[in-house]
Amino acid sequence: MTETSDPNRLNAIADPVRTGAIVVGAGVAGLATALRLAEHCAVTVVTASPLGEEAATGWAQGGIAAAMDPADSPLSHAADTLKAGAGLTDEAIARKVALAAPDAVRWLEALGTPFDRAADGTLALGLEAGHSQRRIVRAGGDGTGRAVLDTLVRAARMTPAITLLEGVVATALLKDAAGRIAGTLCRRIGGETFALAAPAVVLATGGIGALYAETTNPPGATASGLALAARAGAVLSDVEFVQFHPTGIAVSHEAGEALPLATEALRGEGAILLNSKGERFMNGIEGRELAPRDVVARAIFAERAKGETVFLDATHLGPEIATRFPTVTALCRAKGIDPAREPIPVTPAAHYHMGGIEVDERGRASLSGLWAAGECASTGLHGANRLASNSLVEALAFAGWIAADIVGEAEAATRAPLVLAGAPLASPKAEASLTAVQIVRRIMADRVGVSRDEAGLIDAIETLLPLAENGHASAEIGLAIAICALERRESRGGHYRSDWPYRMNAAHSDVTLPEAIQKAKALSADRSIADETALAAR
């Protein structure tokens, strides 16, 4: 295609590189979808980082939830998912995913994933918060994510039908004359701009954790997939529901750097939470340390708000912690903490986004030609609060369904010129150099975090609006989250309002980017009028 120095001025794109399907993102969702699609057509995977790096999958310490024990059942798994979802989980989706989970594990086994085994050779199954049975399939103790990602990377590199574009950023979605999403505008990092065309585009770009000052997510989790979809006009759903992992390891870190994570599995194996007085403050709360994540995160947040330091004490494991939880042990030791002998200081940190691009049971977004998978998608599985270890299995299950839907339904790629479906995103380097990003991270952590209220959310909206209007993608998504959080006048799952600390009627929220900006403008105008009226009355 003809290059332009200003992609925003690009109109028709007449000479794109054509492929069978485009997958943006190379974590478990992206690679699993690509591998499933590759059984039927050529696939191009677009990833900003080298394959296997920066994907949140590789950071996952928990495991894969699946009813593999004969004493367990998918229906029990689905029931636990519904309970954790705080009234907003889609029951049909929960059952569908739970039923698909064992086959997803077996598919990974067939690819060579080295899952942990018991002495009799069966899968070693762990217990995590919110689960009524031991059903967490692991690899390398607390290294499941890395093991799964390595397996998928190896398989993808060996699959001739998959073209891997590493060091390439998708900056915008493209549409055909009928308005169907039919490609992506891309840019090689530090290089040229080019276009890909395909009858199907799958966004699998991960979450939003890097919009927060304290997060367990990699730096690339900047909501880019949501921004791509939102700028093209896609509907976002339940974006106010952000899960804060209760036990990020509270150590000093650089702005934008992820906090190391003390896996939930530690609490499943008996670790307890203590404040600086040595009190086990989870006593009296149903489930105690194994309560759902939102409950535990709020309890820790409340202790820290009192000025207490909170610790996760796993010293009962002694030296055995190094073999059972090697990742946590290494992370702690790198920060001068010996978890075998001393408690680990912890704090809630942005961990997982339950909301995202609205999709149906096939993974289809609201825009024809667009699908979404993994954390960037809002499938209805997680509701208001994700059950531990349900993220990897959701991505694996939807990968197969999305591939089948694309093969069965996607139209032939148009040969007509494509046009931009939305304004291109700024380059990651340019975005990262702006103080706007730091403003977004701080305001999101302080005002749209574990505990929210009307005054704080309005402050966030007024801070984010001018940044969003100036085209900062992180501010656009932050604004959408803050608007939906303000409108949800209740507390439910990952959304807690200290001024509305009870549940109202269960309802999902939908928003588009233009709607979010218009609502923010109206709010700002109303407040200006109110301020002028109050000033005149003095």
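Summary of the structure given here. From a predicted model like this one, the values you see are computed outputs, not experimental measurements.

**With respect to the packing of helix α1 (residues 28-37) against helix α4 (residues 144-157)**
Each packed pair of helices is defined by two parameters, the angle between the axes and the distance between the axes.
Here is step 1: In the contact formed by α1 and α4, the axes pass within 10 Å of each other and the chain directions differ by 35 degrees. Of the two elements, α1 crosses α4, and the hand of that crossing is left-handed. Counting all contacts with α1, which are made through Val-28, Leu-31, Ala-32 and Leu-35, the residues of α4 involved are Val-148, Leu-149, Leu-152, Val-153, Ala-155 and Ala-156.
Here is step 2: Looking at side-chain class alone, the contact of α1 with α4 contains ten nonpolar, no polar and no charged residues.

**Some points on the environment of Thr-222**
Here is step 1: Residue position: Thr-222 is located in the loop between β12 (201-203) and α5 (224-231).
Here is step 2: Taking the C-alpha atoms as reference, Thr-222 lies 8.3 Å from Gly-206; in sequence the two are 16 residues apart.

**Some thoughts on the packing of helix α12 (residues 435-447) against helix α14 (residues 473-487)**
Here is step 1: Two elements in contact, α12 and α14, have axes whose closest approach is 10 Å; the angle formed by their N-to-C orientations is 20 degrees. One element, α12, and the other, α14, form an angle in the roughly parallel class. Here α12 runs over α14; the crossing is left-handed. In this structure, α12 contributes Val-437, Val-440 and Met-444 to the contact, and α14 contributes Ser-474, Ala-475, Gly-478 and Ile-481.
Here is step 2: Of the residues that constitute the contact of α12 with α14, the class distribution is five nonpolar, two polar and no charged.

**Focus on helix α3 (residues 91-111)**
Here is step 1: For α3, built from 21 residues, the straight-helix expectation of 30 Å at 1.5 Å per residue is met to within 8% by its first-to-last C-alpha distance of 30 Å.
Here is step 2: Of all bends in α3, the biggest is about 40 degrees, found at Ala-101, and the proline Pro-102 comes one to four residues later.
Here is step 3: Within the sequence span of α3, burial applies to Ile-93, Ala-94, Val-97, Ala-98, Ala-100, Ala-101, Pro-102, Ala-104, Val-105, Trp-107 and Leu-108.
Here is step 4: One side-chain oxygen of the residue at the start of α3 lies 3.0 Å from the amide nitrogen of Ala-92, identifying that residue as Asp-90.
Here is step 5: Positioned one or two residues after α3, Gly-112 has a phi angle of 105 degrees, which is positive.

**Side note on the environment of Asp-90**
Here is step 1: With respect to the helices and strands, the residue Asp-90 is situated in the loop between α2 (74-84) and α3.
Here is step 2: Spatially, the C-alpha atom of Asp-90 lies 9.9 Å from that of Glu-361, the residues being 271 residues apart in sequence.
Here is step 3: Those residues in contact with Asp-90, other than ones at most four positions away along the chain, are Leu-82 and Gly-380.

**A short note on the sheet that holds strand β17 (residues 344-353)**
Here is step 1: Pairing in this open sheet of four strands is antiparallel, and the strands run β14-β17-β16-β15 from one edge to the other. Two strands close off the open sheet at either side, each with one partner strand: β14 (242-249) and β15 (272-275). Taken pair by pair, the neighbouring strands of this sheet meet at an average axis angle of 50 degrees, ignoring direction.

**Some points on the layout of surface pockets**
Here is step 1: In this structure, the second largest pocket occupies an estimated 540 Å³ of space.
Here is step 2: Lys-83, Glu-286, Pro-292, Asp-294 and Val-295 are the residues nearest the centre of the second largest pocket, which is lined by 23 residues in total.
Here is step 3: Residue assignment for the lining of the second largest pocket shows that the elements contributing at least two residues are α2 and α7 (293-305).
Here is step 4: Here the residues of the lining of the second largest pocket are counted per class, giving ten nonpolar, six polar and seven charged.

**A look at the pairing of strand β4 (residues 43-47)**
Sheet faces and side chains relate simply in a regular strand, where the side chains alternate between the two faces.
Here is step 1: Among the five residues in β4, five count as buried, and that is most of the element.
Here is step 2: The two faces of β4 match: Val-43, Val-45 and Thr-47 on one face and Thr-44 and Val-46 on the other face are all buried.
Here is step 3: In this sheet, β4 lies alongside strand β3 (residues 21-24) in parallel orientation, the contact comprising four bridges. Among the inter-strand pairings, Ala-21 is bridged to a residue of β4, identified as Val-43.
Here is step 4: Crossover handedness for the path β3 to α1 to β4: right-handed.
Here is step 5: Pairing analysis gives five bridges linking β4 to strand β8 (residues 162-166), with the strands arranged parallel. Bridge assignment links Thr-47 to a residue of β8, and that residue is Glu-166.

**Overview of the nonpolar core**
Here is step 1: Core analysis: the biggest nonpolar cluster contains 72 residues, and Leu-173, Leu-203, Tyr-212, Ile-357, Leu-370, Ile-477 and Leu-479 have the highest contact counts within it.
Here is step 2: Considering each element in turn, this core owes the most residues, eleven residues, to α14.
Here is step 3: In contact with Leu-479, other than residues within four places in its own chain, are Ile-461, Leu-464, Leu-465, Ala-468, Ala-516, Ile-517 and Ala-520.
Here is step 4: In this structure, Ala-32, Leu-35, Leu-149 and Ala-204 belong to the second largest nonpolar core, which totals 58 residues.

**Quick notes on the sheet that holds strand β13 (residues 236-237)**
Here is step 1: Read from one edge to the other, the open sheet built from four strands follows the order β20-β18-β13-β22, with strand pairing classed as mixed. Looking along the sheet, the strands with just one partner apiece sit at the ends: β20 (377-378) and β22 (510-511).
Here is step 2: Across the sheet, α5 touches β13 and β18 (356-358), and the angle it forms with β18 is around 40 degrees.

The rules we used
- Residues numbered from 1 in each chain as written.
- Predicted model: local features only at pLDDT ≥ 70, side-chain atom pairs only at ≥ 80, totals over all residues.
- Heavy atoms only, no water.
- Axes fitted to C-alpha atoms, helices over the stretch in contact; angles between N-to-C directions.
- Helix = DSSP H or I, 4+ residues; strand = E, 2+ residues; numbered from the N terminus.
- Left-handed = near helix turned anticlockwise from the far one by under 90°.
- Contact = heavy atoms within 4.5 Å.
- Nonpolar A, V, L, I, M, F, W, Y, C, P; charged D, E, K, R; others polar.
- Parallel < 35°, antiparallel > 145°, perpendicular 65-115°, else oblique.
- Expected span 1.5 Å × (residues − 1).
- Bend = angle between axes of the 7 residues up to and from the residue.
- Buried < 20%, exposed > 50% of the residue type's maximum accessible area, 1.4 Å probe, protein only.
- Polar contact = N/O pair within 3.5 Å; in protein donor to acceptor, adjacent residues only side chain to side chain.
- Pairing = 2+ DSSP bridges.
- 1 Å grid on protein atoms, 1.4 Å probe; cavity = no way out; pocket = protein on both sides within 12 Å on 5 of 7 lines; lining within 4 Å.
- Points joined across faces, edges and corners; volume = space filled by probe spheres on them.
- Right-handed = clockwise from strand over helix to strand, strands pointing away.
- Core = buried A, V, L, I, M, F, W, Y, C linked by side-chain atoms within 4.5 Å.

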